[in-house]
Amino acid sequence: MPLVANTPVEKMTGPYSRRWIALLVLCLSLLIVVMANTSLIVAAPDMTRDLGLSSSDLQWVIDGYTVPYAALMLVLGSIGDKYSRRGALVAGLVIFAGGSVMGSLVDGTGLVITARAIMGVGAAVVMPATLSLLVAIFPKRERAKAITAWTATSGLAIAVGPLVAGWLLEDHAWGSTFLINVPIAVVAVIGALVLVPPSKAANAGRIDYVGGLLSIVSVGSLVYAIIEGPHFGWGTGPVAAAVVAGVGLPAFVLWELRHPHPMLDVRRFAQRPFSGSMLAVLFFFFGTFGAIYYSTQFLQFVLGYGALETGVRLLPLAGAVFVGAAATGRLTPKLGMKAMVVSGMVIGTVGVLLLTLIDTGSTYADFLAPMMMLGFAIGLSVSPATDTIMGSFPESELGVGGGANDTALELGGSLGIAVLGSLLATAYKDRLTDLVGGQLPASAMETAKDSVGGGLAVAEQIAKTPSAGPQRAQALIDAVHEAFAHGVAHTSLIGGIIMAAGTMIVLAVLPGRKAAKRDQGEPEESPKERVDVG
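## Let's talk about the overall build of the protein
A count of helical and extended segments in the protein gives 21 helices and zero strands. Over its C-alpha atoms the protein spans a radius of gyration of 23 Å, differing by no more than 12% from the 24 Å that the globule rule assigns to 534 residues. When the backbone C-alpha atoms are referred to their principal axes, the protein occupies close to 85 × 45 × 45 Å. Within the protein, buried positions represent 56% of all 534 residues. Put simply, of all contacts in the protein between residues at least 6 apart along the chain, 84% involve residues at least 24 apart. In the structure as shown, the protein presents an accessible area of about 21000 Å², 65% of it carried by carbon and sulfur atoms. When the 33 basic and 35 acidic side-chain charges of the protein are each reduced to a single mean position, those positions are 12 Å apart.

This is the structure:
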């Protein structure tokens, strides 16, 4: 057996013998891409203190990763299909590691955002490459199990990211949360060369670069407007970005309809299994990412857990993901994809709505059931939806399929954090104004209303003032906690309603088992699969 996997998948006469070990490499690559965002949740307070980040600065430290990540996945997936999926995976890991090294060394806000953007470019190469390689390597009958493992890895990263970051922050500066990606990326690169076989589309035509440019501009502008507008007001930048997206997306659709070899055949959205699964991924991650985002803040700022303590308390979510993944692996063949996807969305919606019960007396126990329900829902519903999306693409467009799936995921997550985060900020600000308005100097009040962290920082300063004393500081802390708890409950109600509406839409769009086979059709088996089955 050769040390390096050199035989292309397209030239194999049967299934790749080391495919399950290769899956570990793909999952490891996916792990650090998702961890890059979840680990930052617990590192954010330290970064804010050390770099003096404003609310806007912190938002862009987080989302400097998201914009290139979401905008580039479709195009980079297509390039990987044409030239080399494994080459794309390795290149993406190298770029990601380079951005991580930069992020660990710099000490300026602009440079940290730049490092995060570089990491986002690397992630945009890695994410679709992992899915396209997975589908290329595994025969159809094993593909659902492999995608379930891939999905479970995403859920694992949601909890492992904060846990690892919290452990590092016990004794190291926030830069260590960037640096941890590097050795994992090195192992993944070596593993990719040794265990993952080369793969590319057999009859790929010319890349539709015009369509690709339109998709980059449109999606990038849309994500920018989603992030900037709700949080910081609809000024010139967000409005211009929204206009560009509003013009660019129809232009992209018209171009793709007329192009003989489109980057993304938009006619595919007429297939109910595909469009329903894309909507399911988008709506599901809208509610899930938003809820996890503000629940983690409550654990840290209101309940006072440190970074490591917060990470430990997210572990049940990861465990629930694996339980859901095991359940969907057994039940999807029996009940069908629609039943599992809709059931997962219903459970996730209930989990979000349970957070409407949060108040100032809430403890970690009040978050445990919602977090476990969200984790179980991820494991139950996301892998059948992803399997359906990838099954809608021919072998020559697997990278594009991965890019489409991951764009829906990232766009939903970005919408969830931006929209629900904005609603939370507004509810918190209004409630805090009602509670302590007029009792603080104007500048201190503005800082306190900016965020829960800002409110606690003002209380800390008040406690050091002899004329005010700890009693007044404690009164402000109580008000901040009450305002934030009110914001969580209010936001969860709206988020739950949006998820419920999304669930109803997905229920209506997704066809039943018989209709799905008729609408989507079964793709021909490759020679590799026919040999294996026969």
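## Notes on helix α18 (residues 452-463)
End to end, α18 covers 17 Å across twelve residues, agreeing with the expected 16 Å (1.5 Å per residue, within 8%). Taken residue by residue, α18 has Val452, Gly454, Gly455, Val458, Ala459 and Ile462 as its buried positions. Take α18 and look down its axis: the buried residues cluster within an arc of 160°, on one side only. On its buried face, α18 is in contact with α11 (272-302), α16 (398-436), α17 (442-450) and α19 (469-509).

## Here we look at the packing of α16 against α19
Their axes nearest at 8 Å, the elements α16 and α19 cross at an angle of 140°. Taken together, the axis directions place α16 and α19 in an arrangement best described as oblique. Once α16 is placed against α19, the crossing between them reads as right-handed. Split by residue class, the contact of α16 with α19 holds 15 nonpolar, five polar and two charged.

## Examining the packing of aromatic side chains
By the definition in use, this model includes twelve aromatic pairs. When the centroid spacing of 5.0 Å and the interplanar angle of 70° are considered together, the rings of Phe269 and Phe274 count as edge-to-face. On the basis of relative accessibility, which here comes to 36%, the residue Phe269 falls in the partly exposed class. Taking the relative accessible area as the measure of exposure, Phe274 reaches 0% and is therefore buried. Here the aromatic cluster, defined as three or more aromatic residues joined through ring pairs, consists of Phe298, Phe367, Tyr428 and Phe484. The cationic tip of Arg313 hangs over the ring face of Tyr305; the distance from NZ or CZ to the ring centre is 4.0 Å.

## A look at the nonpolar core
Phe284, Tyr294, Phe298, Val341, Leu432, Leu476 and Phe484 are the most contacted members of the largest nonpolar core, which has 77 residues in total. Of the residues forming this core, the biggest block, 16 residues, is contributed by α11. Every residue in contact with Phe298, bar those within four places of it in the chain, is listed here: Leu303, Ile358, Asp359, Ser362, Phe367, Phe484, Ala485 and Val488. Among the nonpolar cores identified, the runner-up in size contains 69 residues, and Ala5, Ala22, Leu133 and Ala188 belong to it.

## Remarks on the side chain of Ser295
For Ser295, the position within the fold is in helix α11. Accessibility expressed as a relative area gives 2% for Ser295, which makes it buried. Other than its neighbours up to four places away in sequence, Ser295 contacts Leu355, Phe367 and Met371.

## A look at the side chain of Arg268
Mapped onto the elements of the fold, Arg268 is located in the loop between α10 (236-258) and α11. Take Arg268: its relative accessible area is 8%, and that puts it in the buried class. Excluding residues that lie within four positions of it along the chain, Arg268 makes contacts with Phe274, Ser392, Phe393, Pro394 and Glu397.

## Regarding the pattern of salt bridges
Following the criterion strictly, the structure yields seven salt bridges and no others. Across the pair Arg19 and Glu142 runs a salt bridge whose closest N-O atoms are separated by 2.6 Å. Of the two residues, Arg19 sits in helix α1 (residues 19-51) while Glu142 sits in helix α6 (residues 140-169), which places them 123 residues apart along the sequence. Pair check on accessibility: Arg19 and Glu142 agree, each one buried. Here Asp265 ties to Arg267 by a salt bridge, and the two come within 3.4 Å at their closest N and O atoms. For Asp265, a relative accessible area of 23% puts it in the partly exposed group. Here the salt bridges share partners, and the residues they tie into one network are Asp81, Arg85 and Glu395.

About the criteria used
- Residues numbered from 1 in each chain as written.
- Predicted model: local features only at pLDDT ≥ 70, side-chain atom pairs only at ≥ 80, totals over all residues.
- Heavy atoms only, no water.
- Helix = DSSP H or I, 4+ residues; strand = E, 2+ residues; numbered from the N terminus.
- Rg over C-alpha atoms; globule rule 2.2 N^0.38 Å.
- Buried < 20%, exposed > 50% of the residue type's maximum accessible area, 1.4 Å probe, protein only.
- Contact = heavy atoms within 4.5 Å.
- Areas by Shrake-Rupley, 256 points an atom, 1.4 Å probe, with all protein chains shown as cover.
- Lys, Arg positive; Asp, Glu negative; His and termini not counted.
- Charge placed at Lys NZ, Arg CZ, Asp CG, Glu CD.
- Expected span 1.5 Å × (residues − 1).
- Arc of directions from axis to C-beta.
- Axes fitted to C-alpha atoms, helices over the stretch in contact; angles between N-to-C directions.
- Parallel < 35°, antiparallel > 145°, perpendicular 65-115°, else oblique.
- Left-handed = near helix turned anticlockwise from the far one by under 90°.
- Nonpolar A, V, L, I, M, F, W, Y, C, P; charged D, E, K, R; others polar.
- Phe/Tyr/Trp six-rings, centres within 6.5 Å; stacked < 30°, edge-to-face > 60°.
- Lys NZ or Arg CZ within 6 Å of the ring centre and 35° of its normal.
- Core = buried A, V, L, I, M, F, W, Y, C linked by side-chain atoms within 4.5 Å.
- Salt bridge = Lys/Arg side-chain N within 4 Å of Asp/Glu carboxyl O.

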